[in-house]
Amino acid sequence: MNHSAVILQNLSKSYKTVKALTEINVTINKGELFGFIGPDGAGKTTLFRILTTLLNPDTGTATIEGLNTVKDYKSIRNIVGYMPGRFSLYQDLTVEENLKFFASIYKTTIEENYHLISDIYKHIEPFKHRKAGKLSGGMKQKLALSCALIHKPEVLFLDEPTTGVDAVSRMEFWEMLKKLRSQGITILVSTPYMDEAALCDRVALMQNGHIMTIDTPDAIIGAFPVKIYTVRSNRMYHLLNELQTIPETEAVYRFGDVVHYLNHSETFDPMIITRHLDAIGHTEIVVKQAVPTIEDSFMLYMRKSDKFNIPGNDN
Amino acid sequence: MTTERPNVIEVKNLVKKFGNFVANDHLTFEVKQGEIFGFLGANGAGKTTAIKILCGLQSPTSGEIKVAGYDVYHQTNLIKRNIGYMSQKFSLYEDLTVSQNFEFYGGIYGLSRKQIKERTKYFLEKLELTGAANKILKEIPLGWKQKLAFSVAILHHPKIVFLDEPTGGVDPVTRRQFWEMIYEAANEGITVFVTTHYMDEAEYCERVSIMVDGRIEALDTPAMLKQKYGANSMNEVFIRLARAQSAEQ
Amino acid sequence: MKGFIIKEFLHIFRDLRTMLILFGMPVVQVLLFGFAITNEINHASIAILDQAKDETSMKITDKILSSGYFDLNAVLTHPDQIEAAFGKGEIKEVIVFEPGFGRKLEKEGKANLQIITDASDPNTANLLFNYTAGIVRDYSREMMENKKPPMQISIESTMMYNPELKGVFMFVPGTITILLMLVSAMMTSISIAREKELGTMEVLLVSPLKPFQIIVGKVLPYILLSFTNAVVILVLAFTVFGMPINGSLILLLLQSILFIVMALSMGIFISTVSQTQQQAMLLSMFVLMLPTILLSGFIFPIENMPLPLQILSNIMPSKWFIIIVKSIMIKGLGIGYVWKETLILVGMTLFFVGLSVKKFNIRLG
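Residues numbered from 1 in each chain as written. Chains lettered and ligands numbered in written order. Predicted model: local features only at pLDDT ≥ 70, side-chain atom pairs only at ≥ 80, totals over all residues. Heavy atoms only, no water.

A. Representation of the overall build of chain A. Looking only at helices and strands, one finds ten helices and 14 strands in chain A. With the principal axes as the frame, chain A shows a C-alpha extent of 75 × 45 × 35 Å. When contacts within chain A are restricted to residue pairs at least 6 apart in sequence, those whose partners lie at least 24 apart make up 69%. Accessible area of chain A: about 12,900 Å², with a carbon and sulfur share of 50%. In chain A, 34 positive and 36 negative side-chain charges are present, and the distance between their average locations comes to 6 Å. (Helix = DSSP H or I, 4+ residues; strand = E, 2+ residues; numbered from the N terminus. Contact = heavy atoms within 4.5 Å. Areas by Shrake-Rupley, 256 points an atom, 1.4 Å probe, with all protein chains shown as cover. Lys, Arg positive; Asp, Glu negative; His and termini not counted. Charge placed at Lys NZ, Arg CZ, Asp CG, Glu CD.)

B. Expanded view of the environment of alanine 193 of chain C. Residue and element names in this part refer to chain C. If you trace the backbone, alanine 193 turns up in helix H7 (residues 171–198). Given the relative accessible area of 0%, alanine 193 is considered buried. Taking the C-alpha atoms as reference points, alanine 193 and asparagine 361, 168 residues apart in sequence, are found 13 Å from one another. Residue contacts for alanine 193: discarding those within four places in its chain leaves Gln275, Thr276, Gln277 and Ala280. (Buried < 20%, exposed > 50% of the residue type's maximum accessible area, 1.4 Å probe, protein only.)

C. A look at the interface of chain A and chain B. With 35 residues of chain A at the contact, the number on the chain B side is 36 residues. Inspection of the region where chain A meets chain B yields four salt bridges. Put simply, aspartate 257 of chain A and lysine 226 of chain B hold a salt bridge, and the shortest N to O gap is 2.4 Å. Counting across the interface, chain A meets chain B through seven residue pairs in polar contact (both at pLDDT 80 or more). Contributions of two or more residues to the side of chain A that touches chain B are made by helix H5 (137–149), helix H6 (167–182), helix H8 (236–244), strand E12 (249–255) and helix H10 (294–304) of chain A. Here the residues of the side of chain A that touches chain B sort into 17 nonpolar, nine polar and nine charged. (Salt bridge = Lys/Arg side-chain N within 4 Å of Asp/Glu carboxyl O. Polar contact = N/O pair within 3.5 Å; in protein donor to acceptor, adjacent residues only side chain to side chain. Nonpolar A, V, L, I, M, F, W, Y, C, P; charged D, E, K, R; others polar.)

D. Spatial organisation of the domain arrangement of chain C. What the domain assignment reports for chain C is domain 1 (44–160) and domain 2 (167–364). Here the C-alpha centre of domain 2 of chain C lies 42 Å away from the C-alpha centre of domain 1 of chain C. (Domains from an automatic or database assignment.)

E. Here's a closer look at the arrangement of the chains. Taken together, the two pairs of chains in contact show their highest number of contacts between chains A and B. Where chain B comes nearest to chain C, the C-alpha atoms are still 15 Å apart, and the two do not contact one another.

F. Quick peek at the sheet that holds E12 of chain A. All names here are of chain A. Pairing is antiparallel in the open sheet, where four strands are placed in the order E12-E13-E11-E14. The outermost strands of the open sheet, each flanked by one partner alone, are E12 and strand E14 (286–290). The sheet shows a mean angle of 25° between the axes of neighbouring strands, direction not considered. Strand direction decides the pairing type here: strand E11 (residues 228–232) and E14, joined by five bridges, are antiparallel. Looking across to E14, one finds that tyrosine 229 is bridged to glutamine 289. (Pairing = 2+ DSSP bridges. Axes fitted to C-alpha atoms, helices over the stretch in contact; angles between N-to-C directions.)

G. Layout of the packing of aromatic side chains. Under the counting rule described, the total for this entry stands at 29 aromatic pairs over all chains. Here tyrosine 114 of chain A and tyrosine 121 of chain A contribute two aromatic rings whose centre-to-centre distance is 6.2 Å and whose plane-to-plane angle is 85°, an arrangement assigned as edge-to-face. A residue is classified by how much of its surface remains accessible, and tyrosine 114 of chain A, at 28% relative accessible area, is partly exposed. On the basis of relative accessibility, which here comes to 2%, the residue tyrosine 121 of chain A falls in the buried class. When the ring of tyrosine 261 of chain A is compared with that of phenylalanine 268 of chain A, the centres are 5.6 Å apart and the planes differ by 40°; the resulting orientation is tilted. Per residue, the accessibility class of tyrosine 261 of chain A equals that of phenylalanine 268 of chain A, and both read buried. Members of the aromatic cluster, each reached through a chain of ring pairs, are Phe29, Phe37, Phe39, Phe162 and Phe193 of chain B. Lying across the ring of tyrosine 193 of chain A, arginine 170 of chain A places its NZ or CZ 3.6 Å from the centre. Above the ring of tyrosine 198 of chain B, the side-chain terminus of arginine 175 of chain B is found at 3.9 Å from the ring centroid. (Phe/Tyr/Trp six-rings, centres within 6.5 Å; stacked < 30°, edge-to-face > 60°. Lys NZ or Arg CZ within 6 Å of the ring centre and 35° of its normal.)

H. Expanded view of the nonpolar core. Ranked by size, the top nonpolar core spans 160 residues in total, and within it Phe36 and Leu145 of chain A carry the most contacts. Per-element accounting of this core gives the leading share, 15 residues, to H7 of chain C. Setting aside chain neighbours within four positions, we find phenylalanine 36 of chain A in contact with Val26, Ile28, Lys44, Leu47, Phe48, Leu188, Val189, Ser190, Thr191, Ala204, Met206 and Ile211 of chain A. Counting 57 residues, the second-largest nonpolar core is a separate cluster that includes Met86, Val161, Tyr204 and Ala242 of chain B. (Core = buried A, V, L, I, M, F, W, Y, C linked by side-chain atoms within 4.5 Å.)

I. Spotlight on the state of the cysteines. Residues and elements named next belong to chain B. Scanning the model with the defined rule gives zero disulfides over all chains in all. Of all cysteine sulfurs, the one in cysteine 205 lies closest to cysteine 55, which takes part in no disulfide; the gap is 17 Å. Relative accessible area serves as the criterion here: at 5%, cysteine 55 is assigned to the buried category. (Disulfide = S-S within 2.5 Å.)

J. Quick look at the environment of glycine 3 of chain C. As for its position among the elements, glycine 3 of chain C is in helix H1 (residues 2–14). Looking at glycine 3 of chain C, the relative accessible area reads 18%, which means it is buried. The spacing of glycine 3 of chain C and alanine 125 of chain C is 122 residues in sequence and 52 Å in space, taken between C-alpha atoms. Contacts of glycine 3 of chain C, omitting those with residues within four sequence positions, involve Phe101 and Ser104 of chain A.

K. Structural context of the pairing of strand E1 (residues 7–18) of chain B. Residues and elements named next belong to chain B. Judged from the eight bridges that link them, E1 and strand E2 (residues 21–32) form a sheet pairing that is antiparallel. When the sheet's bridge partners are listed, valine 11 is paired in E2 with phenylalanine 29. Hairpin connection from E1 to E2: two residues lie between these consecutive antiparallel strands, with glycine 19 at a positive phi of about 60°. The pairing of E1 with strand E4 (residues 62–67) spans five bridges and is antiparallel. Directly across from valine 15, in E4, lies its bridge partner serine 62.

L. Inspection of a nonpolar patch on the surface at higher detail. Together, Leu282, Met285, Phe286, Val287, Leu290 and Leu294 of chain C give the surface a local cluster of nonpolar side chains, amounting to about 540 Å² of exposed area. Along the chain, the position of valine 287 of chain C falls in helix H11 (residues 277–295). (Patch = residues over 30% accessible without salt bridge, like charges linked within 9 Å, V, L, I, M, F, W, Y side chains within 5 Å.)

M. Representation of the packing of H7 of chain C against helix H10 (residues 249–273) of chain C within the structure. All names here are of chain C. Relative orientation of the contacting elements H7 and H10 amounts to 35°, with a least axis distance of 8 Å. For the pair H7 and H10, the crossing hand works out as right-handed. Across the interface between the two elements, Thr177, Leu180, Met181, Ser184, Ala185, Thr188, Ser189, Ile192 and Lys196 from H7 touch Ser256, Phe259, Ile260, Ala263, Leu264, Met266, Gly267, Ile268, Ile270, Ser271 and Thr272 from H10. Among the residues making up the contact of H7 with H10, the classes are represented as eleven nonpolar, eight polar and one charged. (Left-handed = near helix turned anticlockwise from the far one by under 90°.)

N. H10 of chain C, seen in detail. Residue and element names in this part refer to chain C. Along its 25 residues, H10 runs 37 Å from first to last C-alpha, staying within 8% of the 36 Å computed at 1.5 Å per residue. Extensive coverage of H10 is indicated by the burial of 18 of its 25 residues. Capping the start of H10, serine 248 holds a side-chain oxygen 3.4 Å from the backbone nitrogen of isoleucine 250, two or three residues further along. (Expected span 1.5 Å × (residues − 1).)

O. Geometry of the pairing of strand E7 (residues 155–159) of chain A. All names here are of chain A. Counting buried residues in E7 gives five out of five residues, a clear majority hidden from the surface. Of the two faces of E7, both are covered, the one formed by Val155, Phe157 and Asp159 as well as the one formed by Leu156 and Leu158. Sheet topology note: the strand E6 (residues 80–83)/E7 ladder contains four bridges and is parallel. Paired with methionine 83 across the strands is leucine 158, a residue of E7. Of the strand pairs in this sheet, E7 and strand E8 (residues 186–191) are connected by five bridges, and their pairing is parallel. Paired with valine 155 across the strands is threonine 186, a residue of E8. For the crossover that starts at E7, traverses H6 and ends in the parallel E8, the hand is right-handed. (Right-handed = clockwise from strand over helix to strand, strands pointing away.)

Put into structure tokens, the structure is as follows:
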């Protein structure tokens, strides 16, 4: 009847003294792969716990497929799949026993829904008699995802599924999520890795219990207000401080093997950087314009408003 | 300049077996004084085991290993006195105040009361956290905590500091501030031995080793590694190496 | 539900520590308590006050001393010496023949024999008494075979220091109680707390499982295991130590199940207030185990406690269960005599089941 799978309206939640979530408003479409991107402490887990009916919000409402998370929690529990932050598996049970158990609590069997998980499960099926505690991080992650999928959920909640997992397993995991999305499952995923944002249909950048922006990754990058220049020279270590002295510098920060330089003058000419560095003795200077990334945007939003900023981050 | 610095970690043919399973398969590498050494690898590649051996928590099956000039078989106590350690999971006591944490760790490493006081003051001023000295650690945001934990780990000015995924889950701004601290420590001559899952952080290291399946598959500066594997970023290098391995299996 | 129970059994059987606690502990405890007591009665020091000094009294004395259980420590000549003999602390029992013992038995068909024991150590006292009385009964049975008029030696037991012999044969009822409490309450609370720690509880809560399904799934395996345990203890007590089961075995087992359910619901209650396995363990220790051991009358007789503790002991479910077990096993009483205690236990069970279902959150925190 409508196209929204998840609707959050003015959602707030506090623990004793800490405001975990402030006025969250998001609408997530059916079949969307939606990412909540933010560091630890941004409020991602609290948000997911509210959506999975594990916590009640202080104010505001959340609905999943039209069902209210407070009133209709029983119905919601039938249609969602949930993978909490730590891969919640029984370490002393084998791969197969874990999967069997999670199938049984939804009154289904592995055989019945094997087609849903086969892409993921086939990677770990050769080890099905191994105990979950003896699996590598990447394998645990695949098993946990299989367990969350075995009852054919309509909406899937993955809370930091890639935290502490190496880059290769992370990449494989996102490939799996893309396949799942093509099966029509709505997927909400949270992650502290900024580079993973690019793999979502839409993302919400979260910090300190606030949503800083919501949009497609391309739109967020497209809205980046100034040009970004990558700078390299023979004296990388001094680059940070020495670039700061250029007039109207907005920000300078390390980015991988280069330094990102932002200037808020509309008429800024990148030759200024080269000349400036040359004058103070740098050689091998390379300045290039770069496409902003979600990480650049994230830091921009953090600079823009104090409420997104934890005290002490004085940039 | 690099050649003048002495080695503080020397590993020759380090082997560690658990039963039939070879966790570390003939690792050989050196780390120089004041170097920032990135120790990368996929989950289960054997990083944790190697770090435990270097910290004197586990003995190797065979190999010649010297850390801070001491032998890992017999001189583990001397090693422990000369290193610092910090990880994402275990760092500081949540129910103690900031200064109590400093006092506790300072005490462990045998610093005098005066030294502890001076160094605590120095680090808190540097972090602009002087006002938070008497706050319980629980009340402090994660980003700060990680910076405090790092300060505590180098409180006794160790020769080497081991950092096990120190920036996991930390916001991008704080992450960069953390790396500034790492650079400063290295500048003061402290060797930094760091693991991370953020591949952009691998670029910040002077040299990087990549472990696959218990072996060191690659070891060089980020620039050389990228050149060698024809990659644009360390992320590509890493994925190429680790992928090749899983394809083999 | 079936899947849940299977999983729970897998957890239990895979964990060596749990298995050891579950099945090693009862055996070790019963044997420990048992042998600590039986060792006492090898060569126990006794004194004899024979005021008759006739053929019969001599024969009985010989029979007792030749049994191997007793060593003659002193021969007394006057009743006034009894107190002093015990006072030295060496003698555990005094056997007193009344004046003219043999003659009375011959003429009147009845004579009195008094067994005085030091009941400050009630278990030993009771065993010594039973052994002595057994020997005397054997003797009188032998005599009866030859003589026509029925003869009877009436044995009078006098307990010094603890005349009502509280705590006698308490070790089996007490051990059953403690072990059922330990296995049922501690194990369930720990296993639920473990799911919280691992985060699997979150997944269970988000599933359509209802709270009572989670509870029953968690608890059923432990009911079976605890019950097995109770049976193991009873069999051990019966075969190794000759502990009598004078009353109805079925009633005893039913009462055990009642107590197990009660202990399990306490365990669930504990798990609802603890977040980690360690917390659950400590809470079970201090809230359940120590009061059970100290206040149930297992070790310290309730009658000897100060009044406030006596009152407090009434809210210990284990106190009532121990009374029930003792009544059934030792006194051979039926439900007609223990219905009051049973009712109290049923009430407590309902209270804790209700409380734990209510406290068992459908959400986190």
